[in-house]
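Chain by chain, the residues:
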Amino acid sequence: MIDNPRSPRVRAVAKLSKRDARTETGLFLLEGPQAVSEALAFRPELVLELYVTPTALERHPGLADAAGEAGLEAEFVTEAVLDAMADTVTPQGVVAVCRQFPTSVKDIFAEGDDGGPKLIAILEEVRDPGNAGTIIRAADAAGADAVVMTGRSVDLYNPKVVRATTGSLFHVPVAVGIDLASVVARCAEAGIQVIAADVKGDDLLQARREGVLDAPTAWLFGNEARGLTDDDLARADRAVVVPIYGHAESMNLATAASVCLYESAFAHRS
């Protein structure tokens, strides 16, 4: 049982909430039983350390079994130690240390048995961790082939981003630190249209009626406050807006992204 919240080991885990420590070590912090379970199920080789409180293990007995199958032993810690390690105010008794695993853009656009990618989400200067993580989760749910986060977006391994993906980080390939122009050029080479989601665009419903969404698509999502610049929009093949039929002043970026991704998913499966 690890019981000293100030021990070097505990401090090393806690430091992973900071970007400098993540960059230096190539590691990141994973919190909560659901996210850790997804990591152990889909990418167990990435989980290097697992810490749990006895109470949490009683609630989630499958964690120890999953860790054992991955050749990993869960280490017991006190509630105080878990609190010191975790980034959240009210942690759920489970923390893991994982190795970062960004996907290369080359791999994302590589042709597989089913051809190249059909649905991609591109995040350009998306700064809010909750939005970024939720878009990754929505892309996973919609069956997207990949997510690309440009270098102007939030760090993929920010604890808040990781939590917001709720484990989808381990399901869908995510490339990071890419220049938007380079991604758009890759899409053009692969025959994938780029559609920007922006208030200056045409009605999404009209694009749906015209069959635009039937083709392989990379959705481009911009900054929460400023949206996409004119230069960004000029790089896209088309811009559309999710219409608001009620009295809401605007729509949350992650919500709008979910609508766009699912519209493409529906079109590809109709």
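Right above here is the structure, for reference.
Described in the following lines is the structure provided in the data block. (Residues numbered from 1 in each chain as written. Predicted model: local features only at pLDDT ≥ 70, side-chain atom pairs only at ≥ 80, totals over all residues. Heavy atoms only, no water.)

Quick look at helix α10 (residues 180–189) now. Among the residues of α10, those classed as buried are Leu-180, Val-183, Val-184 and Cys-187. Viewed end-on, α10 has its buried residues packed into an arc of 100 degrees, placing them on one side of the element. Along α10, exposed side chains directed more than 90 degrees from the buried face belong to Ala-188 and Glu-189. Packed against the buried residues of α10 are β5 (119–123), β6 (146–150), β7 (174–178), β8 (193–203), β9 (217–221) and α12 (230–235). The N-terminus of α10 is capped by Asp-179, whose side-chain oxygen sits 3.1 Å from the backbone nitrogen of Ala-181. (Buried < 20%, exposed > 50% of the residue type's maximum accessible area, 1.4 Å probe, protein only. Helix = DSSP H or I, 4+ residues; strand = E, 2+ residues; numbered from the N terminus. Arc of directions from axis to C-beta. Contact = heavy atoms within 4.5 Å. Polar contact = N/O pair within 3.5 Å; in protein donor to acceptor, adjacent residues only side chain to side chain.)

Right, let's talk about the pattern of salt bridges for a bit. Under the criterion given, the structure shown has 14 salt bridges. Residue Glu-124 is joined to Arg-152 by a salt bridge in which the shortest nitrogen-to-oxygen separation is 2.8 Å. Separated by 28 residues along the polypeptide, Glu-124 in the loop between β5 and α8 (129–141) and Arg-152 in the loop between β6 and α9 (159–165) bring together distant segments of the chain. Beyond isolated ion pairs, a larger network of salt bridges with shared partners links Glu-124, Glu-125, Arg-127, Arg-152 and Arg-226. (Salt bridge = Lys/Arg side-chain N within 4 Å of Asp/Glu carboxyl O.)

Its identity as a non-glycine residue notwithstanding, Glu-125 has a phi of 60 degrees, on the positive side. Mapped onto the elements of the fold, Glu-125 is located in the loop between β5 and α8. When its relative accessible area of 9% is taken as the criterion, Glu-125 is described as buried. Not every positive phi belongs to a glycine, and Thr-166 is a case in point at roughly 50 degrees. Among the secondary structure elements, Thr-166 is positioned in the loop between α9 and β7.

Those residues of helix α3 (residues 33–42) lying buried are Pro-33, Ala-35, Val-36, Glu-38, Ala-39 and Leu-40. Close packing links the buried residues of α3 with β1 (27–31), β2 (47–52), α5 (62–69) and β4 (94–99).

Before going further, it helps to spend a moment on the pairing of β7. In this structure, β6 lies alongside β7, joined through four bridges in parallel fashion. Bridge assignment links Val-147 to a residue of β7, and that residue is Val-174. (Pairing = 2+ DSSP bridges.)

So, about the packing of aromatic side chains. A complete count under the given rule lists seven aromatic pairs for this structure. Relative to Phe-170, the ring of Phe-101 has its centre 5.5 Å away and its plane inclined at 10 degrees; by these criteria the two rings are stacked. Here the residue Phe-101 occupies a position in the loop between β4 and α7 (105–108), and Phe-170 occupies one in the loop between α9 and β7, the gap between them amounting to 69 residues. Across this residue pair, the class does not change: Phe-101 and Phe-170 are buried. Aromatic side chains Tyr-262 and Phe-266 sit 5.6 Å apart centroid to centroid with 55 degrees between the ring planes, which places their arrangement in the tilted category. Within this pair, Tyr-262 and its partner Phe-266 are both found in helix α13 (residues 253–269), separated by four residues, close to a single helical turn. Judged by its relative accessible area of 51%, Phe-266 falls in the exposed class. Grouped by ring-pair contacts, the aromatic residues Phe-28, Phe-101, Tyr-157 and Phe-170 constitute a single cluster. (Phe/Tyr/Trp six-rings, centres within 6.5 Å; stacked < 30°, edge-to-face > 60°.)

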